[in-house]
Amino acid sequence: MLWLLTIVTTGVLLLIAGFVRQISKVPTVARPAALTATAHPTRHATPSPSVSAKVQDVADASSGLSYQLLSSPWRRGCPSILHTSMFSWTAGEHAVAGRVDIGGTMFDWHGNACSGQLEQQFAYSGPVDLAPVTMGVADAVDPAYYSGLQHDRTIESSSSMLVSGHPAWMVTFLVTYPDAASEGLSWTTEAGAVVVVDRGAGQAPAVFYASVPSNLGTSDVSTLVSSLRLSPG
């Protein structure tokens with residue numbers, strides 16, 4: 001009986017050993033990563049396109065000045081009606097504010113910004129003359145350009161400034177039209193500025209003149225003056 005028990009025990013052990021070997025051969029199934037960790041997709045920032053219209057300039061080769069070209073309805077060119085024996089503008093821009101009746105003739109009334117060289121009738125010997133010469137130009141544009149309509153003019157400021165490092169002087173003024181309604185005007189006031197810039201010894205100063213009726217936006221005068229630049233010459 002002992003030998004029989006030994007044989008049976010040995011057989012059972014062999015069966016267990018075979019079963020263990022079979023289990024060891026079964027491949028291990030990897031657990032999906034999605035079940036073990038939360039996947040975080042990489043986010044790439046998409047830059048929003050910057051939409052900005054390029055600011056255009058008016059460049060005056062004669063005076064060396066350049067300044068911003070305002071958006072529509074403004075367009076290039078100083079109105080030809082502004083050319084007189086005292087003022088000869090070589091570049092500019094304008095916009096029509098409306099129509100006016102002067103002496104029975106209808107005219108376009110403009111907002112304008114014009115530049116050129118200082119004419120010889122304005123005596124200038126150097127930066128020391130900037131203040132009186134600028135005031136002289138501001139006084140001269142009044143009868144030259146505004147006399148066709150009943151108006152009052154008030155000087156608002158007279159101060160020094162720099163344009164591209166060059167000494168300059170600015171005079172600002174406000175024109176009011178007390179009879180605007182009876183004259184059929186669509187504006188009641190007009191802001192203006194005159195800037196004279198010293199260009200250095202041996203060169204005539206540069207002159208900038210801007211005048212904008214209220215229906216076009218008088219703040220444009222400040223925009224134009226602040227954009228003034230003088231090219232090296």
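Residues numbered from 1 in each chain as written. Predicted model: local features only at pLDDT ≥ 70, side-chain atom pairs only at ≥ 80, totals over all residues. Heavy atoms only, no water.

Counting 56 residues, the largest nonpolar core has Leu65, Trp89, Val137, Tyr146, Tyr177 and Phe208 as its most contacted members. Looking at this core, the elements that each hand over two or more residues are strand E2 (65-68), strand E4 (91-102), strand E5 (105-117), helix H3 (130-145), strand E7 (166-176), strand E8 (189-197), strand E9 (206-213) and helix H4 (220-226). No other element matches H3, which puts 7 residues into this core. Sequence-distant contacts of Val137, that is, excluding residues within four places in its chain, are made with Phe87, Leu118, Phe122, Val194 and Val207. (Core = buried A, V, L, I, M, F, W, Y, C linked by side-chain atoms within 4.5 Å. Buried < 20%, exposed > 50% of the residue type's maximum accessible area, 1.4 Å probe, protein only. Helix = DSSP H or I, 4+ residues; strand = E, 2+ residues; numbered from the N terminus. Contact = heavy atoms within 4.5 Å.)

Overall, the coordinates contain 1 disulfide when judged by the stated rule. Two residues share a disulfide in this structure: Cys78 and Cys114, whose sulfurs sit 2.1 Å from each other. Here Cys78 and Cys114 share a disulfide; its torsion about the S-S bond, 95 degrees, makes the bridge right-handed. With Cys78 in the loop between strand E3 (75-76) and E4 and Cys114 in strand E5, this residue pair connects regions lying 36 residues apart in the sequence. Across this residue pair, the class does not change: Cys78 and Cys114 are buried. (Disulfide = S-S within 2.5 Å.)

Turning next to the environment of Ala193. Residue position: Ala193 is located in strand E8. Take Ala193: its relative accessible area is 0%, and that puts it in the buried class. Along the sequence, Ala193 and Ser157 sit 36 residues apart, while their C-alpha atoms lie 9.3 Å from each other. Non-local contacts of Ala193, meaning those with residues more than four positions away in its chain, are made with Val171, Thr172, Phe173, Phe208, Tyr209, Ala210, Val221 and Val225.

An order of E1-E2-E10 is seen for the 3 strands of this open sheet, with the pairing classed as antiparallel. If you trace the sheet from one side to the other, it starts and ends with strand E1 (57-59) and strand E10 (229-230), each paired once. Bridging between E2 and E10 involves 2 bridges; their strand directions are antiparallel. Note that in E10 the partner of Ser66 across the bridge is Arg229. (Pairing = 2+ DSSP bridges.)

This next bit is on H3. Between its first and last C-alpha, H3 extends 22 Å over 16 residues, near the 22 Å set by a 1.5 Å rise per residue. Residues Leu130, Val133, Thr134, Val137, Ala138, Ala140, Val141, Asp142 and Tyr145 constitute the buried set of H3. Contact partners of the buried residues in H3: E5, strand E6 (152-163), E7, E8 and E9. (Expected span 1.5 Å × (residues − 1).)

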